[in-house]
Amino acid sequence: MHTRDDTERLIRPTMEEEQSTRSYWRFSKLDFFPESSFQDFPSYRSALSQTCRRLKDRFSARSSDSTELIDLKKSSENEMHRCLTWWDLLWLAFGAVVGSGIFVITGQETRNTAGPAITLSYAASGISALLSVFCYTEFAVEIPIAGGSFSYLRVELGDFVAFIAAGNILLEAVVGAAGLGRSWSSYCASIFTSNTDFFRFKIDSFAEGFNLLDPLAVSVLAIANTIAMTGTKHTSLLNWVSSMINAAVIIFIIIVGFIHANPSNLNPFFPFGAEGVFEAAAVVYWSYTGFDMVANMAEETKNPSRDIPIGLLSSMTIITVVYCLMSLALTMMVKYTEIDVNAAYSIAFDGIGMKWAKYLVSICALKGMTTSMLVGSMGQARYMTQIARAHMIPPWFALVHPKTGTPVYASLLVTILSCVMALFTSLDVLSSVFSVSTLFIFMMVAVALLVRRYYVKDVTGKVEFSKFLVCLLVVIGSSVGMMVLWSLNKRGWIGYSIFGAIWFMGTLGMSMIRKSREPKVWGVPLVPWLPSISIAMNLFLIGSLGKVAFIRFIICSVVMVVYYLFIGLHATYDLAHDHEDKLQLSNCF
């Protein structure tokens, strides 16, 4: 039975409300660990002794739309400014996605993997990316909050799954930003010399892959993140002006490419067969990543139900068309066997007497990477803000600055970690870790969307839920089967036909089950088919990655679980149960 002291303790103003009158710049222990489990060592020891019970509780616990949209936002103390329109989101997506990838990867995959059919590789990857965009868009409209995929998974798949996603989101944010910084340094060096390590310093005593220090990458990241911290609207303005200039250069490249095209260069169109098309599609897919950063801006969008679908879907459609046209222009200008792997577009323009185009391409790539860093830093900080609001990392990182309306502390966290990683770590190490994390999150969001449509607590019957669960497991299991076949280099059609038929039956069975929820404003069409295809394609692309990438992913995941068991679990448990107690007591009085 609750005493009056309990009532006063639980109903009195929360710590966040009391802190709202305090200075933004504060660094006390309570700002980092306000939960009762961390008040002193005996409290922490007692919490550790309850780890199994708490883990069971949080493993099955699911958040709600209102918790993510209303309750958790209170810990930020100040509101983010709603200042973005569909026009801003369109160019934010363009700035986030169109970086150096199209210039770096196209030559390599055309020459060695796909030939002129690289255009189909970009089309296939674009379709896969659009499927993920569909899933993100429905969630962003329904739950317009800064947490993006973290919040979506927390609502539909529970606290523990959301934490694993949160760890991968942090990993993706840090690794992606560091990779962009290192690429920026390499491209800048290529303007002045053929040595892309020109701005780096080698330390022989450090391990290979970590022995080239890159202070220029650190400087560029620090500048981009500082700009992003100063305010959302003017950062968006800077991005779309820069992105429009970038778009003009890309259009110029496409037009000149088609003017000097020789259709005979497209023959043979499939020199490496269909296998080469799909292998290249798995690689060029990374040219499409970055749109999830824009979904994180939903909390700062004026009209999410209108602006997010228009901004995200139109931008990704345009980007897919642009990538296909750029790759087609390249393969029509130059025979695929003569394309330079390292500088495809620069050498192609050099071959038609336009040597100055080398500098145009390099500057265009630098501008693209700069806008990617700008938008990425904005999106990554919003991820961290919602993760901190849920107390999976210290809630101090959730604080929003009263003047700028931006999460300065969360931005600093991502900036410092990415700068440290960019200083030491080579691009090949960074890209392998980034790949698995990104695809894993995209796949889980598609799963979460199916759960959202087919399962609503206290509404969905046990029989319907059991049928849905069986069908979902069949879809995931058959997709994993195809992934394993591909990763083991099994190219015979029989295995893929069997698993493909099982996937089809699982999806067909799911389509016959009554949905428990329909979207209020905007929804993914053809559910469950499109999310099911997204699950299969993302897992298939994961299967194309090497063993080293999986080993690094597993090591990172183990570190995340250890942190969760010792810190994140107890912080989130205290937050959830304190909130429940307050609701019960307020109902009693």
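Keep in mind the model is a prediction, meaning the values are calculated, not measured.

1. Notes on the overall build of the chain
At step 1: Check the secondary structure of the chain and you find 24 helices and 2 strands.
At step 2: Scaling as 2.2 N^0.38, a compact globule of 589 residues should have a C-alpha radius of gyration of about 25 Å, and the chain matches this with 25 Å.
At step 3: Viewed in the frame of its principal axes, the chain has a C-alpha envelope of about 85 × 55 × 50 Å.
At step 4: For the chain, buried positions account for 57% of its 589 residues.
At step 5: Of all intrachain contacts in the chain linking residues separated by at least 6 positions in sequence, the fraction that spans at least 24 positions is 84%.
At step 6: Accessible area for the chain stands at about 24200 Å²; split by element, carbon and sulfur atoms hold 68% of it.

2. Describing the environment of Ile203
At step 1: Note on placement: Ile203 falls in the loop between β1 (201-202) and β2 (212-213).
At step 2: For Ile203, a relative accessible area of 28% translates into the label partly exposed.
At step 3: Separated by 10 residues in the primary sequence, Ile203 and Thr193 place their C-alpha atoms 21 Å from one another.
At step 4: Sequence-distant contacts of Ile203, defined by excluding residues within four places in its chain, comprise Asn211 and Leu213.

3. Section: empty space enclosed by the protein
At step 1: In total, this model carries 2 cavities of 30 Å³ or more according to the counting rule given.
At step 2: Every residue lining the second largest cavity is listed: Phe32, Phe33, Glu35, Phe38, His391, Met392, Ile393, Pro394, Pro395, Tyr563, Ile567 and Ala571.
At step 3: Looking at the lining of the second largest cavity, the element that brings in the most residues is helix α24 (residues 547-588), giving 3 residues.
At step 4: Looking at side-chain class alone, the lining of the second largest cavity contains 10 nonpolar, 1 polar and 1 charged residues.

4. A short note on the pattern of salt bridges
At step 1: A complete count under the given rule lists 21 salt bridges for this structure.
At step 2: Taking the shortest distance from any N to any O, the salt bridge between Glu142 and Arg452 comes out at 3.2 Å. In this pair, Glu142 is assigned in helix α9 (residues 118-142) and Arg452 in helix α20 (residues 427-454), connecting sequence segments 310 residues apart. Comparing Glu142 with Arg452, the two get one shared label, buried.

5. Here we look at a nonpolar patch on the surface
At step 1: The grouping of Phe206, Phe210, Leu412, Ile416, Val420 and Phe424 at the surface amounts to a nonpolar patch, some 490 Å² of accessible area in total.
At step 2: Mapped onto the elements, Phe206 comes out in the loop between β1 and β2.

6. Observations regarding the packing of helix α8 (residues 101-114) against helix α16 (residues 304-333)
At step 1: Running from N to C, α8 and α16 point in directions that differ by 50°, and their axes come no closer than 11 Å. Regarding the angle of α8 to α16, the classification is oblique. Seen along the crossing, α8 lies across α16 with a hand that is right-handed. Between α8 and α16, the contacting residues are Ile102, Phe103, Thr106 and Thr110 on the first element and Tyr323, Met326, Ser327, Leu330 and Thr331 on the second.
At step 2: Of the residues in the contact of α8 with α16, the class split is 5 nonpolar, 4 polar and no charged.

7. A look at helix α18 (residues 357-389)
At step 1: With 33 residues, α18 extends 48 Å from end C-alpha to end C-alpha; this agrees with the ideal 48 Å at 1.5 Å per step.
At step 2: Burial runs high along α18: 27 of the 33 residues are buried.
At step 3: One or two steps after α18, the chain reaches His391, where phi turns positive at roughly 65°.

8. Describing the packing of helix α21 (residues 462-487) against helix α22 (residues 493-511)
At step 1: Running from N to C, α21 and α22 point in directions that differ by 160°, and their axes come no closer than 8 Å. Classified by the angle their axes make, α21 and α22 are roughly antiparallel. For the element pair α21 and α22, the recorded crossing hand is left-handed. Note on element contacts: α22 touches α21 through Gly495, Tyr496, Phe499, Gly500, Ile502, Trp503, Gly506, Thr507, Gly509 and Met510, opposite Phe468, Cys471, Leu472, Val474, Val475, Ser478, Ser479, Gly481, Met482, Leu485 and Trp486.
At step 2: For the contact of α21 with α22, the class distribution of residues is 13 nonpolar, 8 polar and no charged.

9. Re helix α5 (residues 51-60)
At step 1: All of the buried residues along α5 are Thr51, Arg54 and Arg58. Taken around the axis of α5, the buried residues stretch over an arc of 70°, which confines them to a single face. Exposed and oriented more than 90 degrees from the buried face of α5 are Cys52, Lys56 and Ser60.

10. A look at the packing of aromatic side chains
Aromatic ring pairs are defined here through the distance separating the ring centres and the angle between the ring planes.
At step 1: One pass over the full model with this rule turns up 38 aromatic pairs.
At step 2: Judged by centre distance (6.1 Å) and plane angle (75°), the ring pair of Tyr136 and Tyr152 falls under edge-to-face. Here the residue Tyr136 occupies a position in helix α9, and Tyr152 occupies one in helix α10 (residues 149-156), the gap between them amounting to 16 residues.
At step 3: Judged by centre distance (5.0 Å) and plane angle (85°), the ring pair of Phe269 and Phe270 falls under edge-to-face.

11. Structural notes on the nonpolar core
At step 1: If you look at the biggest cluster of nonpolar residues, it comprises 167 residues, and the most contacted ones within it are Phe103, Tyr136, Met316, Met326, Tyr345 and Met384.
At step 2: The element contributing the most residues to this core is helix α11 (residues 159-192), with 17 residues.
At step 3: Setting aside anything within four residues of it in sequence, one finds Tyr136 in contact with Ser149, Tyr152, Phe291, Asp292, Ala295, Tyr383, Ile441, Phe442 and Val445.

12. Observations concerning the confidence of the model for the chain
Detailed conclusions should not be drawn from predicted coordinates in areas where pLDDT is low.
At step 1: This prediction gives the chain a mean pLDDT of 85; 93% of its residues lie at or above 70.
At step 2: Predicted confidence in the chain is weakest over helix α1 (residues 4-11), with a mean pLDDT of 43, and strongest over α22, with 94.
At step 3: Low pLDDT (under 50) marks residues 1-20, which in the prediction has 23 contacts with non-local residues, meaning those over four places away or in another chain.

Conventions used here
- Residues numbered from 1 in each chain as written.
- Predicted model: local features only at pLDDT ≥ 70, side-chain atom pairs only at ≥ 80, totals over all residues.
- Heavy atoms only, no water.
- Helix = DSSP H or I, 4+ residues; strand = E, 2+ residues; numbered from the N terminus.
- Rg over C-alpha atoms; globule rule 2.2 N^0.38 Å.
- Buried < 20%, exposed > 50% of the residue type's maximum accessible area, 1.4 Å probe, protein only.
- Contact = heavy atoms within 4.5 Å.
- Areas by Shrake-Rupley, 256 points an atom, 1.4 Å probe, with all protein chains shown as cover.
- 1 Å grid on protein atoms, 1.4 Å probe; cavity = no way out; pocket = protein on both sides within 12 Å on 5 of 7 lines; lining within 4 Å.
- Points joined across faces, edges and corners; volume = space filled by probe spheres on them.
- Nonpolar A, V, L, I, M, F, W, Y, C, P; charged D, E, K, R; others polar.
- Salt bridge = Lys/Arg side-chain N within 4 Å of Asp/Glu carboxyl O.
- Patch = residues over 30% accessible without salt bridge, like charges linked within 9 Å, V, L, I, M, F, W, Y side chains within 5 Å.
- Axes fitted to C-alpha atoms, helices over the stretch in contact; angles between N-to-C directions.
- Parallel < 35°, antiparallel > 145°, perpendicular 65-115°, else oblique.
- Left-handed = near helix turned anticlockwise from the far one by under 90°.
- Expected span 1.5 Å × (residues − 1).
- Arc of directions from axis to C-beta.
- Phe/Tyr/Trp six-rings, centres within 6.5 Å; stacked < 30°, edge-to-face > 60°.
- Core = buried A, V, L, I, M, F, W, Y, C linked by side-chain atoms within 4.5 Å.
- pLDDT = per-residue confidence, 0-100.

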